[in-house]
Amino acid sequence: TRRDGRDPFRSRKGAAPLKQPFRCATLCLHRVLPLSKVAPTWKKVVIAAIVGAVLTPIAIKVTNPVVGPSYVAGLLLFYTAYEVVHRRMHTHAGIGSYGRWLRRHHFYHHFVNPDMNHGIITPVWDIVFRTYRPVGTIDVPHKMRMSWLVDPKTGNVIDDYAGTFQLRQPQG
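Residues numbered from 1 in each chain as written. Predicted model: local features only at pLDDT ≥ 70, side-chain atom pairs only at ≥ 80, totals over all residues. Heavy atoms only, no water.

Let's talk about the confidence of the model for the protein
Logical step 1: Put simply, the protein has an average pLDDT of 82, and 77% of its residues get 70 or more.
Logical step 2: The least confident element of the protein is helix 1 (residues 21–32), whose mean pLDDT is 49; the most confident is helix 5 (residues 124–128), at 95.
Logical step 3: Throughout residues 1–19 the model reports pLDDT below 50, and contacts reaching past four residues in sequence, or to other chains, amount to 27 contacts. (pLDDT = per-residue confidence, 0-100. Helix = DSSP H or I, 4+ residues; strand = E, 2+ residues; numbered from the N terminus. Contact = heavy atoms within 4.5 Å.)

In C-alpha cells:
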C-alpha cells in the first residue's frame, strides 16, 4: 500500500490486477518504479529487433520480399524513435514551447492519471480515443522527480517549471 493508502496494484474501481493486466502493468511502471528501475532504451530496442527478426519472414509471406522487410523496418525505426523520445522526456528538459508542452502532457499521464494523455509526440490519438485531458499543475512524487526539474542547490522546482510542476514531499 502506498503512503496515500491506495494499493498501486489495484485499479481505482478495486478490480484485481489479473482482471486488468494492462492496467496493472501501467500502474506498476508509472506509479511505483522510478525511471532508473525501468529497462534502458537499448534493451528494449534489442528485444524489438528480435521480435522484428521473427516478424520479417511472416511479413514476407504475407506481402513480398521487398514490402515485408520494409514494413518491419519501419515499425522498428518508429519504435526506436518513440523509446528515445520517451526516455529523453524523463532525463532532459524540454526545448522550446513544444518540448515543454510534451512533458506537461505526458507527465500528466505518469503522475496524475495513467488512463489519460498517453501521447508521447502528439495528442492526436488521445483526442481520437478520448483520453486527452487538459493539464494543470502536476504533482510529482519526490522520489520520482526528474533531475532537470529540480534546482540541485535548493531541492525546489526550478522557477521556469514552478507554474507547471510541484513536488509532493515524502510523508513521514
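Notes on helix 2 (residues 41–62)
Logical step 1: With 22 residues, helix 2 extends 30 Å between its outermost C-alpha atoms, agreeing within 8% with the 32 Å of an ideal straight helix rising 1.5 Å per residue.
Logical step 2: A maximum bend of about 30 degrees is found in helix 2 at Leu 55, where proline Pro 57 lies one to four positions downstream.
Logical step 3: Taken together, the buried positions of helix 2 are Thr 41, Ala 48, Gly 52 and Ala 59.
Logical step 4: Buried-residue contacts for helix 2 involve helix 3 (67–91). (Expected span 1.5 Å × (residues − 1). Bend = angle between axes of the 7 residues up to and from the residue. Buried < 20%, exposed > 50% of the residue type's maximum accessible area, 1.4 Å probe, protein only.)

Focus on the packing of aromatic side chains
Logical step 1: Counting across every chain of the model gives nine aromatic pairs.
Logical step 2: Arranged with centres 6.3 Å apart and planes meeting at 25 degrees, the rings of Tyr 79 and Tyr 82 form a pair that is stacked. Remark: Tyr 82 and Tyr 79 occur in helix 3; sequence separation between them is three residues, near one turn of the helix.
Logical step 3: Taken together, Phe 107, Phe 111, Trp 148, Tyr 161 and Phe 165 form an aromatic cluster joined through their ring pairs. (Phe/Tyr/Trp six-rings, centres within 6.5 Å; stacked < 30°, edge-to-face > 60°.)

Topic: the packing of helix 2 against helix 3
Logical step 1: Look at helix 2 against helix 3: their axes get within 9 Å of each other, and the N-to-C directions meet at 165 degrees. The orientation of helix 2 relative to helix 3 falls into the category roughly antiparallel. Judged by the twist between their axes, the crossing of helix 2 over helix 3 is right-handed. The residues of helix 3 that touch helix 2, namely those facing Thr 41, Lys 44, Val 45, Ala 48, Ala 49, Gly 52, Leu 55, Thr 56, Ala 59 and Ile 60, are Gly 68, Pro 69, Val 72, Leu 76, Tyr 79, Thr 80, Glu 83, Val 84 and Arg 87. (Axes fitted to C-alpha atoms, helices over the stretch in contact; angles between N-to-C directions. Parallel < 35°, antiparallel > 145°, perpendicular 65-115°, else oblique. Left-handed = near helix turned anticlockwise from the far one by under 90°.)

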